[in-house]
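Each chain, written out:
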Amino acid sequence: MDWLTDNRTDCFSVQTTMSVGNYLDLVRPAHSARGALSGQRDTLKTTTAKRIRDRMVSDIRRGAVLPPVVIGAVVDDLLFSTFPNEQAASPEDILPTDVRRQLSIIDGMQRTAALSEAASIDANVLNHRMRVEFWITRSVRTMVYRMLVLNTGQVPWTLARQLSVVFSPLLNEIQSKVPEINRMFTPDKPGRRVNAGEFSSDAIVELYIAFSLRKTNIDAKEALSDEFSRLDFVENLSDGGFQDQFYNTLSLLTAIDRAFSRFDPGSNAKFSKGRNIFDSQPARIGFAVAVAQYVIGRPGMDRPPEERAERMGIIDSGARQLVSRVNGMTEEEVGAFLKLDVLAETLDRRVGQVGRYERGVYSEGFQVLIDEKFELSTMEPCWRAN
């Protein structure tokens, strides 16, 4: 195994050769929960593309050597400190079982699918040798950074689809870094939010995108045609503090969600209880974007890392003081503070593009909360800011 140290992102690049059969066995557990490998990227729909895919399968069966597939692995600090391990002879020697189950293919999805297809047609393919590069890091942030830079100029992916490649490691890191989250619903473990601090994995990935782009109106399903957005994401990921700032924001959102949820008179009417505020994805995005614009800066005017850290500290202090103040109120006082009737009236306006309007209401509202250093006597000024 050939080791190289990436001093830019504090990672290790390890290249090795292995049989196709061993490779497919290695990556299969990481993707078993997300369906067939061939479904990970929505390409190859045209006749020409399918013919090229068939040619790749044919070439593999005839012994073609493909460019190295790049695999991402996130490990803890203790294991990372043991690298480079020059005596290691296989991935099993450097990556424990739990890490191997969470591997991400950050470059080579189509090659992997083609290898799998070729092997299903001709079992001899399983004995062919191939090159594999392992990108070993301690943080999902550096893996996402590596993936976005690696894929620049290739067939366009949506930003959400690129993030879905590191979906499991990202969500695992979030659960580790933001223990305040009670439950996280995933496609494999679906659920419905019934208490504060419960969110779907899709919603959190969308928050991650909105936080970095600092925009409320994002479409995670469309191709990312705005190259400035891609650049913003890469630039933010290059800042070592960015990931922790997102986790801090998610932690604050969850703490505020819990504090607001103390008002629960038992009614099921819309906006009858405090939890209803962050039941809404527009509210979560509005909060995340308001914090991101204050900490990172508006798109195109990025703040230096030192100022970001200072501003995040101000946000953290103010938000936690607000949470402490709300937690000290009686349930009736929390209801009076939230002014849910004003919020309901604001959101009840008949407008086009309701989702866009609601995100704007919440973004401007939480911006007021930040501008006032979280020291408002009620939330009414926030709900009337739009």
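Residues numbered from 1 in each chain as written. Predicted model: local features only at pLDDT ≥ 70, side-chain atom pairs only at ≥ 80, totals over all residues. Heavy atoms only, no water.

**Observations regarding the overall build of the protein**
Helix and strand counts for the protein come out as 19 helices and seven strands. In the protein, once contacts between residues fewer than 6 apart in sequence are set aside, the share between residues at least 24 apart is 73%. Surface accessibility of the protein: about 18,100 Å² in total, with carbon and sulfur atoms responsible for 47%. (Helix = DSSP H or I, 4+ residues; strand = E, 2+ residues; numbered from the N terminus. Contact = heavy atoms within 4.5 Å. Areas by Shrake-Rupley, 256 points an atom, 1.4 Å probe, with all protein chains shown as cover.)

**Description of the confidence of the model for the protein**
Per-residue confidence for the protein gives a mean pLDDT of 83; residues scoring 70 or more make up 83%. Contacts from residues 33-43, a stretch scored under 50 in pLDDT, to residues over four places away or in other chains number 23 contacts. Considering only residues more than four positions removed or in separate chains, one finds that residues 221-225, a stretch of pLDDT under 50, has eight contacts. (pLDDT = per-residue confidence, 0-100.)

**Looking at the pairing of strand β1 (residues 2-6)**
Across five bridges, β1 lies against strand β2 (residues 11-19) in antiparallel orientation. Its bridge partner lying in β2, Asp2 is registered against Gln15. (Pairing = 2+ DSSP bridges.)

**Side note on the pattern of salt bridges**
Scanning the entire structure with this criterion turns up 14 salt bridges. A salt bridge links Arg138 to Asp10, with the shortest nitrogen-to-oxygen separation between them at 2.1 Å. One end of the pair, Arg138, is in the loop between β5 (129-137) and α7 (140-151); the other, Asp10, is in the loop between β1 and β2, and 128 residues separate them in sequence. One salt bridge in this structure joins Arg193 and Asp257, with 2.9 Å as the shortest N-O distance. Note that Arg193 is positioned in the loop between β6 (183-185) and β7 (198-200) and Asp257 in helix α12 (residues 242-260), a separation of 64 residues in sequence. Exposure class is identical for Arg193 and Asp257. Each is buried. (Salt bridge = Lys/Arg side-chain N within 4 Å of Asp/Glu carboxyl O. Buried < 20%, exposed > 50% of the residue type's maximum accessible area, 1.4 Å probe, protein only.)

**Some details on the layout of surface pockets**
In this model, the second largest pocket occupies a volume close to 750 Å³. Around the second largest pocket, the lining comprises 31 residues; the ones closest to its centre are Val74, Val75, Arg138, Ser139 and Glu173. The set of elements that each furnish at least two residues to the lining of the second largest pocket consists of α3 (77-80), α5 (97-100), α7, α9 (167-177) and α12. Residue contributions to the lining of the second largest pocket peak at five residues, all from α9. A breakdown of the residues in the lining of the second largest pocket according to their chemical character gives eleven nonpolar, ten polar and ten charged. (1 Å grid on protein atoms, 1.4 Å probe; cavity = no way out; pocket = protein on both sides within 12 Å on 5 of 7 lines; lining within 4 Å. Points joined across faces, edges and corners; volume = space filled by probe spheres on them. Nonpolar A, V, L, I, M, F, W, Y, C, P; charged D, E, K, R; others polar.)

**A short note on α12**
Between its first and last C-alpha, α12 extends 27 Å over 19 residues, near the 27 Å set by a 1.5 Å rise per residue. The buried fraction of α12 amounts to 16 of the 19 residues, a majority that puts the element mostly inside the structure. (Expected span 1.5 Å × (residues − 1).)

**So, the side chain of Thr254**
Its location among the elements puts Thr254 in helix α12. When its relative accessible area of 0% is taken as the criterion, Thr254 is described as buried. Ignoring sequence-local partners within four residues, the contact set of Thr254 consists of Glu180, Ile181, Gly197 and Phe199.

**As for the nonpolar core**
Core analysis: the largest hydrophobic core is formed by 68 residues, its most contacted members being Ile174 and Ile277. Excluding residues within four positions of it along the chain, Ile174 makes contact with Ile181, Met184, Ile204, Phe246, Tyr247 and Leu250. Val57, Phe83, Leu95 and Val99 belong to the second largest nonpolar core, which has 33 residues in total. (Core = buried A, V, L, I, M, F, W, Y, C linked by side-chain atoms within 4.5 Å.)

**Notes on helix α17 (residues 340-347)**
Every buried residue of α17 is accounted for by Leu340, Val342, Leu343, Thr346 and Leu347. Viewed along the axis of α17, the buried residues span an arc of 160°, placing them on a single side of the element. Across α17 from its buried face, at more than 90 degrees, point the exposed residues Asp341 and Glu345. Residues of α17 that are buried sit in contact with α13 (276-279), α16 (331-338), α18 (354-371) and α19 (380-383). (Arc of directions from axis to C-beta.)

**What about unusual backbone geometry?**
With an omega dihedral of 0°, the bond running from Phe83 to Pro84 counts as a cis peptide bond. Relative to the assigned elements, Pro84 resides in the loop between α3 and α4 (91-94). Non-glycine residue Phe374 carries a positive phi angle of around 60°. Relative to the helices and strands, Phe374 is located in the loop between α18 and α19.

**Quick word on the sheet that holds β1**
Pairing in this open sheet of five strands is mixed, and the strands run β1-β2-β5-β3-β4 from one edge to the other. Edge positions in the open sheet fall to β1 and β4 (104-107), since each of these has one partner strand only. Across the sheet, the mean angle separating the axes of adjacent strands is 30° when strand polarity is ignored. Across the sheet, helix α6 (residues 109-121) touches β3 (69-74), β4 and β5, and the angle it forms with β4 is around 115°. (Axes fitted to C-alpha atoms, helices over the stretch in contact; angles between N-to-C directions.)

**Regarding the pairing of β5**
With respect to burial, β5 is a largely interior element, seven of its nine residues being buried. Sheet analysis places β2 next to β5, joined by eight bridges and oriented antiparallel. Looking at β5, one finds that Ser13 is bridged to Trp135. Inspection of the sheet shows β3 paired to β5 by six bridges, in the parallel sense. If you follow Gly72 over to β5, its bridge partner there is Trp135.

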